[in-house]
Protein chains: 2
Amino acid sequence: PPGRKVLIVYAHQEPKSLNGSLKRVAVEELSKQGCSVTVSDLYAMQFEPRATRNDVVGCLYNSEEFDYGVETWEAYKRGSLSNDLIEEQKKVQEADLLIFQFPLYWFSMPAIMKGWMDRVLVQGFAHDFPNCYDSGLLKNKLALFSFTTGGSREMYAKGGISGDIRYLLWPMQHGIMHFCGVKVLAPHICFAPEYVSEEKRKEMLTAWAQRLKTLWKEEPINCSPEWYFK
Amino acid sequence: PPGRKVLIVYAHQEPKSLNGSLKRVAVEELSKQGCSVTVSDLYAMQFEPRATRNDVVGCLYNSEEFDYGVETWEAYKRGSLSNDLIEEQKKVQEADLLIFQFPLYWFSMPAIMKGWMDRVLVQGFAHDFPNCYDSGLLKNKLALFSFTTGGSREMYAKGGISGDIRYLLWPMQHGIMHFCGVKVLAPHICFAPEYVSEEKRKEMLTAWAQRLKTLWKEEPINCSPEWYFK
């Protein structure tokens, strides 16, 4: 609906890829609805995935023994995180919905996107014990993981060789988003696009556009072990 | 035992950290046994986690549309992967045991280590359909995930707020190592070292050294859904 803000965190090297098209479809459809859409195109930005001392500008809180979690927490409080992190945090802060668009790499997100999670979701900003899970600091936001797989739907079925696809969603949806208080919409999964026809790939794009039309009416999943492992 | 080769893939910024000490203990204990131990110290190496076109030296297989999986598979076959990847693959090839030592970041490994998985375990080298899972190309090797957590043992208990710690091991142990044919030893987990006394932390180091003494007699886990989700 008009006025809603969406941040798409996108991790694919190739604009012509299906992931690139899925990202474009989302920008178009959500803009058409009157949403304001921002994209963090991680490879194009050459986003830094490594959690290092460079994420803190100026002096360290404890220069004797570097603790990344403590240092970034302290730096957040005194406003001395590196600029790229401050920029991403602003985008997150403003967003009503976060869409993560990526190809599944090794049952998880590509390292460049994991680095975005590791570095942007700093203590004090995204969570701050006891403000985690349902009282995480990013509550009232929604997240949706949209990804492509190499393996087929059969491989990722319950009893399939790669196990239920939901098993691998636990660390991303529960461990990251739910931990920060974000409510999670059902994932959007395109299975094995490299092994289907061009026509089927077009249907995948249409299905995504179609889902986005009624996305704001969706209820979040019940992000508890039952959803993942039952 | 004498002659066994071990690769420790280590991801912590601070040598004085508990992770740094756990790594040192492993080097010492395994060397004492007569093993030959190599360490990939990812932060010190400034290891590149991003999967990009730079991983292929020279021309691309398909320069019209970049597909990372296809390009690195082809580059592996013709010997034109970037040097840092060739170096890591040599270390993996020679190793009987891979130890991954890291602090848990967001229910998973730090991005710099995820990048090591994304970039080093190339198709053709580590797997090559149908050579995956029990017939993966790295069969006859062992892997062990050794990590520290922020959350306590209670939080990571079955029914705890963060769910059974085994849930989050699925993508790493099954999705990566088992997929490549590697057999997985039980993980070694130090819960919440930042919240315990210096004495308790010393006990954690002793326990790790102690375990390593009889490590070669251990049986791998049964890396199937039952181990993780029952």
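Here the structure is a predicted model, which is why all the values come from computation and not from measurement.

> Just to check I follow, could you spell out the interface of chain A and chain B for this structure?
A common way to state how big an interface is: give the accessible area lost once the parts meet. Taken together, the contacts link 51 residues of chain A with 51 residues of chain B. Interface of chain A and chain B: buried area, both sides summed, is about 4100 Å²; carbon and sulfur atoms make up 63% of it. The largest per-residue losses of area from chain A upon contact with chain B belong to R50(A), W106(A) and F107(A), which jointly make up 20% of the total buried on that side. Joining chain A to chain B, the criterion identifies zero salt bridges.

> It is not clear to me how the packing of helix α3 (residues 83-94) of chain B against helix α4 (residues 111-120) of chain B should be interpreted in this structure. Could you clarify?
Packed helices, taken two at a time, are described by the angle their axes make and the gap between the axes. Residue and element names in this part refer to chain B. Remark: α3 packs on α4, axes separated minimally by 10 Å, with the N-to-C direction vectors making an angle of 90°. Considered as vectors, α3 and α4 are oriented roughly perpendicular to each other. Contacts from D84, L85, E88, Q89 and V92 of α3 reach α4 at W116, R119 and V120. Partitioning the contact of α3 with α4 into residue classes produces four nonpolar, one polar and three charged.

> Help me understand the relation of the copies chain A and chain B, please; the structure alone is not making it clear to me.
Each copy of the chain is related to the other by a rotation around an axis and a translation along that axis. With an RMSD of 0.0 Å, the operation that places chain A on chain B is a rotation of 180° combined with a shift of 0.0 Å along the axis. Here the symmetry operator amounts to a two-fold rotation axis. Residues of chain A ranked by C-alpha distance from the rotation axis are headed by A111(A), positioned 2.5 Å from it. A share of 100% of interface residues in chain A that are also interface residues in chain B marks the association as one of identical surfaces.

> Would you explain the UniProt feature "domain: Flavodoxin-like fold" (unreviewed entry) in chain A in this entry?
Per the UniProt record, the feature "domain: Flavodoxin-like fold" (unreviewed entry) sits at residues 5-212 of chain A. The distance from the first to the last C-alpha atom of residues 5-212 of chain A is 14 Å, and the span holds 36% helix and 15% strand.

> Before we go on, may I ask you to explain the packing of aromatic side chains in this structure?
Any aromatic ring pair is given by two values, namely how distant the centres are and how the planes are angled relative to each other. Counted under the stated rule, the structure contains 39 aromatic pairs over all chains. Plain terms: the ring middles of W227(A) and Y228(A) are 4.7 Å apart, the flat faces sit at 75° to each other, and that makes the pair edge-to-face. Considered together, W227(A) and Y228(A) belong to a single accessibility category, that of buried residues. Positioned above the aromatic ring of W227(A), the side-chain terminus of R166(A) is 3.8 Å from the ring centre. One residue, K77(B), lies across the ring of W73(B), its end atom 4.4 Å from the ring centre.

> Explanation requested: the environment of D84(A) in the structure shown.
Residues and elements named next belong to chain A. Note on placement: D84 falls in helix α3 (residues 83-94). Considered as a pair, D84 and C190 are 106 residues apart in the sequence and their alpha carbons are 31 Å apart. Looking at D84, its side chain comes within polar contact range of the side chain of S82, at 2.6 Å. One polar contact links D84 to R119, side chain to side chain, over a distance of 3.0 Å.

> Would you take a moment to explain unusual backbone geometry for this structure?
Keep in mind that most residues, glycine aside, have a negative phi and that most peptide bonds are trans. The omega torsion of the bond from F129(A) to P130(A) falls at 5°, within 30 degrees of zero and hence cis. Mapped onto the elements, P130(A) comes out in the loop between α4 (111-120) and β4 (142-148). Backbone geometry at W106(B) places phi at a positive 50°, although glycine is not the residue there. You can see W106(B) is positioned in the loop between β3 (97-103) and α4. Of note, F107(B) is a non-glycine position whose phi angle comes to about 60°, a positive value. With respect to the element layout, F107(B) can be found in the loop between β3 and α4.

About the criteria used
Residues numbered from 1 in each chain as written. Chains lettered and ligands numbered in written order. Predicted model: local features only at pLDDT ≥ 70, side-chain atom pairs only at ≥ 80, totals over all residues. Heavy atoms only, no water. Contact = heavy atoms within 4.5 Å. Buried area = accessible area lost by both parts, 1.4 Å probe. Salt bridge = Lys/Arg side-chain N within 4 Å of Asp/Glu carboxyl O. Axes fitted to C-alpha atoms, helices over the stretch in contact; angles between N-to-C directions. Helix = DSSP H or I, 4+ residues; strand = E, 2+ residues; numbered from the N terminus. Parallel < 35°, antiparallel > 145°, perpendicular 65-115°, else oblique. Nonpolar A, V, L, I, M, F, W, Y, C, P; charged D, E, K, R; others polar. Least-squares fit on C-alpha atoms with pLDDT ≥ 70 in both. UniProt positions renumbered as here; feature names shortened; annotations may be inferred. Phe/Tyr/Trp six-rings, centres within 6.5 Å; stacked < 30°, edge-to-face > 60°. Buried < 20%, exposed > 50% of the residue type's maximum accessible area, 1.4 Å probe, protein only. Lys NZ or Arg CZ within 6 Å of the ring centre and 35° of its normal. Polar contact = N/O pair within 3.5 Å; in protein donor to acceptor, adjacent residues only side chain to side chain.

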